[in-house]
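Each chain is listed here by its residues.
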Amino acid sequence: MMRIPARLLVTIAVLWLAFAGFVGLMVQPMVTAVPSTPPPADPARLQAHVKKLSVDLYPRSFEQFAHLEGAASYIAAQLKQAGATVTVQNVKVQEATYQNIIGRFGPAAGPVMVIGAHYDSAGDSNSAHVTPASHTPGADDNASGVAGLLELARLLGQKPQARAIELVAYTLEEPPNFRSDNMGSVWHAKSLKAAGREVRLMLSLEMIGYFSDAPGSQHYSAPGMKHLYSDRGNFIALVGKFGGFQATRTAKALMAGATDLPVYSINAPRLMPGIDFSDHRSYWKEGYPAMMVTDTAFMRNPNYHRGGDTYDKLDYTRMAKVVQAVYTLTERF
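To keep things clear, this report deals only with the structure shown in the data block.

Calculation criteria
- Residues numbered from 1 in each chain as written.
- Predicted model: local features only at pLDDT ≥ 70, side-chain atom pairs only at ≥ 80, totals over all residues.
- Heavy atoms only, no water.
- Helix = DSSP H or I, 4+ residues; strand = E, 2+ residues; numbered from the N terminus.
- Buried < 20%, exposed > 50% of the residue type's maximum accessible area, 1.4 Å probe, protein only.
- Salt bridge = Lys/Arg side-chain N within 4 Å of Asp/Glu carboxyl O.
- 1 Å grid on protein atoms, 1.4 Å probe; cavity = no way out; pocket = protein on both sides within 12 Å on 5 of 7 lines; lining within 4 Å.
- Points joined across faces, edges and corners; volume = space filled by probe spheres on them.
- Nonpolar A, V, L, I, M, F, W, Y, C, P; charged D, E, K, R; others polar.
- Contact = heavy atoms within 4.5 Å.
- Pairing = 2+ DSSP bridges.
- Right-handed = clockwise from strand over helix to strand, strands pointing away.
- Axes fitted to C-alpha atoms, helices over the stretch in contact; angles between N-to-C directions.
- Phe/Tyr/Trp six-rings, centres within 6.5 Å; stacked < 30°, edge-to-face > 60°.
- Lys NZ or Arg CZ within 6 Å of the ring centre and 35° of its normal.
- Parallel < 35°, antiparallel > 145°, perpendicular 65-115°, else oblique.
- Left-handed = near helix turned anticlockwise from the far one by under 90°.

### Some details on the environment of Ala 237
Then comes step 1: If you trace the backbone, Ala 237 turns up in strand E6 (residues 236–241).
Then comes step 2: Overall, the relative accessible area of 9% leaves Ala 237 in the buried class.
Then comes step 3: Between the C-alpha atoms of Ala 237 and Pro 302, which are 65 residues apart in sequence, the distance is 17 Å.

### Topic: the pattern of salt bridges
Then comes step 1: Going through the model one piece at a time under the given rule, you end up with 14 salt bridges.
Then comes step 2: For Glu 166, the salt bridge identified is with Arg 197, shortest N-O distance 3.9 Å. Here Glu 166, found in strand E4 (residues 164–170), pairs with Arg 197, found in the loop between helix H5 (184–194) and strand E5 (199–206); they are 31 residues apart in sequence, far enough to count as distant. Each of the two residues, Glu 166 as well as Arg 197, counts as buried.
Then comes step 3: Where Asp 181 meets Lys 190, a salt bridge forms, and the shortest distance between an N and an O atom there is 3.8 Å.

### A few points about empty space enclosed by the protein
Then comes step 1: One pass over the structure, following the stated rule, counts one cavity of 30 Å³ or more.
Then comes step 2: There is about 40 Å³ of room inside the largest cavity.
Then comes step 3: Along the walls of the largest cavity sit Phe 65, Leu 68, Glu 69, Ala 72, Thr 97, Tyr 98, Gln 99 and Tyr 119, which together make up its complete lining.
Then comes step 4: Residue assignment for the lining of the largest cavity shows that the elements contributing at least two residues are helix H3 (65–82) and strand E2 (96–105).
Then comes step 5: Broken down by element, the lining of the largest cavity gets its largest block of residues, four residues, from H3.
Then comes step 6: Per-class residue counts for the lining of the largest cavity are five nonpolar, two polar and one charged.

### Here we look at the layout of surface pockets
Then comes step 1: Of the volumes computed, that of the largest pocket is approximately 420 Å³.
Then comes step 2: Looking at the largest pocket, it is lined by 33 residues, and the ones nearest its centre are Gly 274, Met 292, Thr 294, Thr 296 and Met 299.
Then comes step 3: Secondary-structure elements contributing two or more residues to the lining of the largest pocket are E6, strand E7 (263–268) and strand E8 (290–294).
Then comes step 4: For the lining of the largest pocket, the element with the most residues is E7, which contributes three residues.
Then comes step 5: Residues that form the lining of the largest pocket fall into these classes: 20 nonpolar, nine polar and four charged.

### Comments concerning the environment of Thr 97
Then comes step 1: Mapped onto the elements of the fold, Thr 97 is located in strand E2.
Then comes step 2: Residue Thr 97 is classed as partly exposed on the basis of its relative accessible area, which comes to 33%.
Then comes step 3: Taking the C-alpha atoms as reference points, Thr 97 and Ile 165, 68 residues apart in sequence, are found 25 Å from one another.
Then comes step 4: Apart from residues lying up to four places away in sequence, Thr 97 is in contact with Phe 65, Asn 90, Val 91 and Lys 92.

### A short note on the pairing of E7
Then comes step 1: With respect to burial, E7 is a largely interior element, five of its six residues being buried.
Then comes step 2: Here E6 pairs with E7 via six bridges, running parallel. Its bridge partner being in E7, Lys 241 is matched across the sheet by Ala 268.
Then comes step 3: What joins E6 to E7 is helix H6 (residues 245–256), and the crossover it makes is right-handed.

### A short note on the sheet that holds E6
Then comes step 1: Overall, mixed pairing links the eight strands, which are arranged E1-E2-E4-E3-E5-E8-E6-E7 in an open sheet. Looking at the sheet topology across the chains shown, the edges are occupied by strand E1 (85–93) and E7. Here the strands of the sheet are splayed against their neighbours by 20° on average, with no regard to which way each runs.
Then comes step 2: Contacting E1, E2 and E4, H3 crosses the sheet at an angle of about 15° to E2.
Then comes step 3: Sitting on the sheet, H6 touches E6, E7 and E8, and the angle it makes with E7 is about 170°.

### Some points on the packing of aromatic side chains
Then comes step 1: Per the counting criterion, the structure on display carries ten aromatic pairs.
Then comes step 2: Seen in terms of ring centroids, Phe 62 and Tyr 98 are 5.7 Å apart; in terms of plane orientation they differ by 20°. Their pairing is stacked. With Phe 62 in the loop between helix H2 (43–56) and H3 and Tyr 98 in strand E2, the pair connects residues that are 36 residues apart, well separated along the chain.
Then comes step 3: Among the aromatic residues, those joined into a ring-pair cluster are Phe 178, Phe 277, Phe 298 and Tyr 304.
Then comes step 4: Positioned above the aromatic ring of Phe 178, the side-chain terminus of Arg 281 is 5.7 Å from the ring centre.

### Some remarks on the packing of H2 against helix H4 (residues 139–156)
A packed helix pair is summarised by two numbers, namely the angle formed by the two axes and the spacing between the axes.
Then comes step 1: One way to put it is that H2 packs onto H4 with a least axis distance of 8 Å and a crossing angle of 135°. If you check the angle between H2 and H4, you find them oblique. The chirality of how H2 crosses H4 is right-handed. Of H4, the residues touching H2 (which contributes Arg 45, Leu 46, His 49, Val 50, Leu 53 and Ser 54) are Ala 139, Ala 143, Ser 144, Val 146, Ala 147, Gly 148, Leu 150, Glu 151 and Arg 154.
Then comes step 2: Split by residue class, the contact of H2 with H4 holds eight nonpolar, four polar and three charged.

Structure representation (structure tokens):
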């Protein structure tokens, strides 16, 4: 048997510990849940919102201006009904004016928590006809996130809020505007920066309604990740920027203690596919702390950007638990 030099063994051990520590920073495996009892979210209300957006206001793509206006009006009315102070931020693209809808709770000044979700859906603007094949109903992507935002508003409106909170429904997240300055979230993030507003945290609700307990239902964007997480799509994910480890640990601990829904997390470089695939990237660009709350989109949901993304395929009971977990962050983060 070959004898390995002691110095080499020490080097291997140090490298292994460094790698294990690096992975631990990325995925936060040892976070202890902080118990809390948030108010219950209503699955029936969530379903009604998703159905309204994905059926009555179908399609909500870039070129379907009237439907986007209808969605904006519906969202504004729901936020007002919940007790929010509602304003409209105009987003001017080419010759058209689109709208971000902002619902404010709590004081007007002080560090603000921003929670947002885009209300547009994917569609082929070059298609001669609107069909489910060319224009997805967008139930999970992202009527689910907007529904979560509206149900969160209802919970926040049940009592006065001591800290500033902005709930923002964004326009124009989907192509052809994705990763451009046309995104509604870019306009909102820049407006906060221009006003010198401090942001204590931004959360992007990006697809929060599709779950599966089937083995092999969860996929990942990088080799080896399947050994760190579940192979079942039965959890909600919290996605943070590489380096923002403590904020992610804190948010994960609070979310995990709010319900029995498993919460997984990751802080990874933006080179990893999917890490910045939503509105939180707009706040990263302005130097604000931001995370995505997601069911992992195309890594789980086979109907992503397809005609099968319909309201009847979502799990509203687990979706309600996501809303409760996010509510806990508004109180305790």
